[in-house]
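# What the coordinates show
Each chain, written out:
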Amino acid sequence: MDLKFILESILFSAQKPLSVKEIRDVLGNAAEQDDADATVKGLKKIKEADVTAALEQLAQEHEDAKRSYRVACVAGSWQFVTQPEFSPWLKALVGVKARPPRLSQPALETLAIIAYRQPITRAEVEQIRGVNVDARCRP
């Protein structure tokens, strides 16, 4: 098997971008499996430069193929990414992420008290804020 195709399958199945070290760890772990054949075991001690060269060659092949996706190295980790011109459809699929909800004024007051006076108990926070927080549901 060609190293490029092995790396392609690893990146395709990965849930997150993978660094070269993480990829080498995957190759090493695969070699330790009971059912590993000679090809799998042969990649156990592959050099980092060889993995990087294969990834760069794979990235170039994907770029030359002019597909809607490519292999890219972002912040030292490799992953499949889509070409920027397809962003309108991907935004429609995934949705535009809204800003996280802001904290309410009582929540901000409580966090400020905790930050300033920690360690602190719930009763002390209630006393400082001048409110009684009861977790029971009222009809």
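Our subject is the structure that appears above.
Parameters and conventions
- Residues numbered from 1 in each chain as written.
- Predicted model: local features only at pLDDT ≥ 70, side-chain atom pairs only at ≥ 80, totals over all residues.
- Heavy atoms only, no water.
- Helix = DSSP H or I, 4+ residues; strand = E, 2+ residues; numbered from the N terminus.
- Rg over C-alpha atoms; globule rule 2.2 N^0.38 Å.
- Salt bridge = Lys/Arg side-chain N within 4 Å of Asp/Glu carboxyl O.
- Buried < 20%, exposed > 50% of the residue type's maximum accessible area, 1.4 Å probe, protein only.
- Phe/Tyr/Trp six-rings, centres within 6.5 Å; stacked < 30°, edge-to-face > 60°.
- Lys NZ or Arg CZ within 6 Å of the ring centre and 35° of its normal.
- Pairing = 2+ DSSP bridges.
- Contact = heavy atoms within 4.5 Å.
- Axes fitted to C-alpha atoms, helices over the stretch in contact; angles between N-to-C directions.
- Patch = residues over 30% accessible without salt bridge, like charges linked within 9 Å, V, L, I, M, F, W, Y side chains within 5 Å.
- Areas by Shrake-Rupley, 256 points an atom, 1.4 Å probe, with all protein chains shown as cover.
- Core = buried A, V, L, I, M, F, W, Y, C linked by side-chain atoms within 4.5 Å.

For the protein, the count of helices and strands is seven helices and three strands. Secondary structure of the protein in N-to-C order comes out as α-β-α-α-α-β-β-α-α-α. Computed over the C-alpha atoms, the radius of gyration of the protein is 26 Å, more than 25% above the 14 Å expected from 2.2 N^0.38 for a compact globule of 139 residues. When the backbone C-alpha atoms are referred to their principal axes, the protein occupies close to 70 × 40 × 35 Å.

The full count for this structure, using the stated rule, is eight salt bridges. Across the pair Lys21 and Asp25 runs a salt bridge whose closest N-O atoms are separated by 3.2 Å. You can see Lys21 and its partner Asp25 sitting in helix α2 (residues 20-31), four residues apart, about one turn around the helix. Assessed through its relative accessible area of 53%, Lys21 is described here as exposed. One salt bridge in this structure joins Arg24 and Glu48, with 3.9 Å as the shortest N-O distance. Of the two residues, Arg24 is situated in helix α2 and Glu48 in helix α4 (residues 48-65); the sequence distance between them amounts to 24 residues.

Okay, the packing of aromatic side chains next. This structure, assessed with the given rule, holds three aromatic pairs. Judged by centre distance (5.7 Å) and plane angle (65°), the rings of Tyr69 and Phe80 are edge-to-face. With a gap of 11 residues between them, Tyr69 in strand β2 (residues 69-74) and Phe80 in strand β3 (residues 77-82) connect regions that are remote in the sequence. With centroids separated by 6.4 Å and ring planes inclined at 50°, the aromatic side chains of Phe86 and Trp89 adopt a geometry described as tilted. Looking at Trp89, the relative accessible area reads 60%, which means it is exposed. Following the ring pairs from residue to residue traces out a cluster consisting of Phe12, Tyr69 and Phe80. In this structure, Lys4 packs its charged tip against the face of Phe5, placed 5.9 Å from the ring centre.

Let's shift gears to the environment of Ile128. Tracing the backbone through its elements, the reader meets Ile128 in helix α7 (residues 122-129). By relative accessible area, Ile128 is classed as partly exposed at 40%.

Turning to the sheet that holds β2, a few remarks are in order. Judged by pairing direction, the sheet is antiparallel, and its three strands sit side by side in the order β1-β3-β2 without closing on themselves. Edge positions in the sheet fall to β1 (18-19) and β2, since each has one partner strand and no second. Sheet strands in contact with helix α1 (residues 3-13) are β1, β2 and β3, and its direction is about 70° off that of β3.

Moving on to a nonpolar patch on the surface. Together, Phe86, Trp89, Leu90, Leu93 and Val94 line one region of the surface with nonpolar side chains, adding up to about 560 Å² of accessible area. On the secondary structure map, Val94 appears in helix α5 (residues 87-94). Residue Val94 is classed as exposed on the basis of its relative accessible area, which comes to 62%.

Another point: the nonpolar core. Counting 18 residues, the largest nonpolar core has Leu7, Leu11, Ile23, Leu27, Val51, Leu55 and Trp78 as its most contacted members. Those elements that place two or more of their residues in this core are α1, α2 and α4. Beyond its immediate sequence surroundings of up to four residues, Leu11 is in contact with Leu18, Ile23, Leu55, Val71, Trp78, Gln79 and Phe80.

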